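As a plain string of letters, each chain reads:
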Amino acid sequence: MAAVRFQPSQVDRPERPNKIIRIVASLRVAVARHRFGRPAAVAVALYLTAVAVAAGYDGGRWFAVVATASFWPWDDGARLLPAAIGVFNAWALWQILRGPALPRSGALPRDVVWLRRLLYADVAGDLLLWELLDDVSGVAEHVARWAVWTATVFLLVWALAGVSARFRITALGLGLTGALAAALRPFAEGPLLTALFLVAMATLGCKVMIIVGQRRDGRFSAVTVGIGWTALLVPQVYLLLQIGRVTFDGLALAVHALDGLLVVWAARTAHELASPGTGVPAPGTGRTPRLLAAAVVLVLPAAVVGAEEDARLTYTAADEGCRDRLRPATGLGLEERRRSFLCLARSETFAADAMFPERLADQRVLAYGARLCALPGDRERNALHERVGGTADAIELAAALEYLCPGIVARQVADAHRRQAERDLQEARWKAEANARCADPWPGVRARRQGTAAYMLPEGGGYAVFDDRDDGAGDPGDIYGDGDEVADIFDAVEDGFIDVVGSSAAIVTSGDATMCLTVKVFDRAPPLRLTGWDQVVEVGIASRSGRLVVPTYPEGGDAGAARPLPDLAVAGPGHYRLRIYARTLPWDENDPEAPLEEHLLVVHPGRSTDKVVHRPRG
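Procedures and definitions
- Residues numbered from 1 in each chain as written.
- Predicted model: local features only at pLDDT ≥ 70, side-chain atom pairs only at ≥ 80, totals over all residues.
- Heavy atoms only, no water.
- Helix = DSSP H or I, 4+ residues; strand = E, 2+ residues; numbered from the N terminus.
- Buried < 20%, exposed > 50% of the residue type's maximum accessible area, 1.4 Å probe, protein only.
- Contact = heavy atoms within 4.5 Å.
- Polar contact = N/O pair within 3.5 Å; in protein donor to acceptor, adjacent residues only side chain to side chain.
- Pairing = 2+ DSSP bridges.
- Axes fitted to C-alpha atoms, helices over the stretch in contact; angles between N-to-C directions.
- Parallel < 35°, antiparallel > 145°, perpendicular 65-115°, else oblique.
- Nonpolar A, V, L, I, M, F, W, Y, C, P; charged D, E, K, R; others polar.

(A) Broad picture of the overall build of the protein. Tallying secondary structure elements over the protein gives 19 helices and 10 strands in all. Burial analysis of the protein (618 residues in total) assigns 44% to the buried set. When contacts within the protein are restricted to residue pairs at least 6 apart in sequence, long-range pairs at least 24 apart make up 72% of them.

Next up, the structure:
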């Protein structure tokens, strides 16, 4: 029987090579049908190569920076969003650089030629030129940006086909009103400034009318109109949703990337103005250059003067002189306080960096400041501030927030004082309870000076008696320090109980739990009493300044007596004898916090420096 050979059907054959060929062919057609298609394709390829290299270099640390073209905090494990934005940027780069589609239309009206030049100038400015110009002169950057925008609006409205004269007049009026309002805003104060902010919204209305006019004009594609609507509406909706709060999450990063759509829209508008379409542009007239010059003359003087005024709610860099004009927040109006806050927010801190990241718009900084005002304390504010790349210490940040929310900051200060008072009261009660567990072991022996207190021992145990004004003895209270000029707890451990050097003594304890300590100071040596004590040792100690102290438990510290004990140098500067009694106390099952150790210090003048062990530890 002849073997039957299996013939794969057309459906079963792999089509991946064919698909790849078709994709490559489509790309070649797309490159060929645009005037600058090949250079644009090379630029896109280089960008995508840089993104791919950044993804694999140094653990991908620079991936988000290269892919999103923005320094933005991101999670090392979250690469999907930066990758998507990288693809979006590659598409935007292609749309901008590819130029108009071929074939181009014939000779263009002079108005359209100038409009395309201005659109391309605006694209170049947004991508690079405005940033470079701002490094040279903020005034020059402000003037150039507003001049290009005003001229572009005028010519774009004028060149729209398929719209009425009333439509053009309304759109042009809105555009010029918004431009003039923004230019005059630095001169305004109080309610007038708020009114100018509202008037400046006319710019948004002008953009809406331009996109509507593009839809009626046959030269512009539906894609260009859709990009225009997206670039216009998405950021506005996002800002409305973010009023009163600040986020730096993936949504914020995506919206930040979509800001580039406005540049894509301008580039596509310029491209399509050179392509043949069904729409018929309005005929140009010889008056256009004169009207354009008049519009620029109206806007530029205000822009030039306004750029030299103090901090504005639209500025992107600090006015170096605004700090000199700051006044106390008390008595200032809302707008003046907001301007003062922005002055500090945009100025350099002690760390020589801006208090807030420069990429944040002023309205975001204001909303961010309101978020900081609502936090309960300095620690929470500093943590949130550092999380988004801000630089300032607690004092600088609080000084800026005094302008933005003086009432909230005042309440927070009052709350901080109240909480501190509560902590002080709680500590005082704790000390009183600890002291109540300790009693004078020699109640019938009255000394010239005496006192009893609970003593909180440091980790590892041990405590010191020292002259706290002896400048020549290093740090005599630091029994865990090093050096031969002061007593050392480790030498005391080797001795078995005590180490004395000059004006300081280090005494060993059996543990590091709270113990009871009593001091009794006499003018002469009292009788020796050994009954009931486990260990009794007497040494000589000096006082150069006339003081010998047992440290008091410090606020925020970890060792010391729970109440002040008297100065042990009863006779002033000179030599003294220090007799230390120590014993272990029985466990009290009814009071687990009760001390398990007790020491008695007996001090009196005496010149001997000999160490005498009256009772060694058994």
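(B) Structural view of the side chain of Asp470. Take Asp470: it is sitting in the loop between β2 (463–466) and α19 (489–495). Classification of Asp470 by relative accessible area gives buried; the value is 7%. A distance of 2.7 Å separates the side chain of Asp470 from the side chain of Ser503, its partner in a polar contact. Here Arg544 takes part through its side chain, which lies 2.5 Å from a polar atom of the side chain of Asp470. Other than its neighbours up to four places away in sequence, Asp470 contacts Ser503 and Arg544.

(C) Up close: the sheet that holds β2. In space, the 3 strands of this open sheet follow the order β2-β4-β3, with antiparallel pairing throughout. Unpaired on one side and paired on the other, β2 and β3 (498–501) mark the two borders of the sheet. The sheet shows a mean angle of 15° between the axes of neighbouring strands, direction not considered. Bridge count between β3 and strand β4 (residues 504–507): 4 bridges; the pairing is antiparallel.

(D) A look at the pairing of strand β6 (residues 535–543). Of all 9 residues making up β6, 9 are buried, and the element is well covered by its neighbours. Burial along β6 is two-sided: the face carrying Gln535, Val537, Val539, Ile541 and Ser543 and the face carrying Val536, Glu538, Gly540 and Ala542 are both buried. By the bridge criterion, 9 bridges tie β6 to strand β8 (residues 574–584) in an arrangement that is antiparallel. The partner of Gln535 across the bridge, within β8, is Ala582. Pairing between β6 and strand β10 (residues 612–615): 3 bridges, direction antiparallel. Of the residues in β10, the one forming a bridge with Glu538 is Val612.

(E) Layout of the packing of helix α14 (residues 334–346) against helix α15 (residues 362–373). Taken N-terminus to C-terminus, the directions of α14 and α15 make an angle of 100°; their axes are 11 Å apart at the nearest point. Here α14 is positioned roughly perpendicular relative to α15, judged by the angle of their axes. Seen from α14, the contacting residues are Arg338, Phe341, Leu342, Ala345 and Arg346; seen from α15, they are Asp362, Gln363, Val365, Leu366 and Gly369. The residue makeup of the contact of α14 with α15, split by class, is 5 nonpolar, 2 polar and 3 charged.

(F) Fine view of the environment of Gly205. In this structure, Gly205 sits in helix α9 (residues 202–216). For Gly205, a relative accessible area of 22% corresponds to the partly exposed category. Separated by 27 residues in the primary sequence, Gly205 and Gly178 place their C-alpha atoms 9.0 Å from one another.

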